[in-house]
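Tertiary structure, described
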Amino acid sequence: VAVEPKTPSDLPKLVEGLKRLAKSDPLVQCITESTGEHVIAGCGELHIEICLKDLRDDFMNGAEIKVSNPVVSYRETVAG
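What comes next concerns the included structure. It should be emphasised that the depicted structure is a prediction, and the values quoted were computed from it without experimental measurement. (Residues numbered from 1 in each chain as written. Predicted model: local features only at pLDDT ≥ 70, side-chain atom pairs only at ≥ 80, totals over all residues. Heavy atoms only, no water.)

**Quick notes on the environment of Ala22**
Position of Ala22 relative to the elements: it lies in helix α1 (residues 11-24). Exposure remark for Ala22: the relative accessible area of 31% places this residue in the partly exposed category. Ala22 sits 29 residues away from Cys51 along the chain, and the two C-alpha atoms are 9.5 Å apart. The contacts of Ala22, once residues within four sequence positions are left out, are Val28 and Cys30. (Helix = DSSP H or I, 4+ residues; strand = E, 2+ residues; numbered from the N terminus. Buried < 20%, exposed > 50% of the residue type's maximum accessible area, 1.4 Å probe, protein only. Contact = heavy atoms within 4.5 Å.)

**Quick look at the pairing of strand β3 (residues 38-41)**
Of the pairings in the sheet, the one linking strand β1 (residues 2-5) to β3 comprises two bridges and is antiparallel in character. Within β3, the residue paired with Val3 across the bridge is His38. Where strand β2 (residues 29-32) lies against β3, four bridges are found, and the strand directions are antiparallel. In the strand pairing of β3, Gln29 is matched with Ala41. Between β2 and the antiparallel strand that follows it, β3, lie five residues; Gly36 among them carries a positive phi value of about 95°. (Pairing = 2+ DSSP bridges.)

**Topic: the layout of surface pockets**
The calculated volume of the largest pocket comes to roughly 450 Å³. Lining the largest pocket are 20 residues, and of these Val1, Ile40, Ile48, Pro70 and Val71 sit closest to its centre. Secondary structure elements with two or more residues in the lining of the largest pocket: β3 and α2 (45-59). With four residues, α2 is the largest single contributor of residues to the lining of the largest pocket. Residues belonging to the lining of the largest pocket are distributed by class as follows: 12 nonpolar, five polar and three charged. (1 Å grid on protein atoms, 1.4 Å probe; cavity = no way out; pocket = protein on both sides within 12 Å on 5 of 7 lines; lining within 4 Å. Points joined across faces, edges and corners; volume = space filled by probe spheres on them. Nonpolar A, V, L, I, M, F, W, Y, C, P; charged D, E, K, R; others polar.)

Just geometry here; none of it tells us what the structure is for.
In structure tokens form, the structure reads like this:
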């Protein structure tokens, strides 16, 4: 899911919160795209929901964030 702060002044809190989230959970990946979009990748819908709750409540001190709809990437392998 892509996340962004509701108020632009909370952007430093978001960046620091994403770093702290990535350190606290080895299964989550926090990526900043070249477009400036902050993406959180995890092991499923429930895992992402828990990560978002931790990000809001623990790592950003209750600052509000906007969350996009989740995108699932499918990959295929052709063996021959």
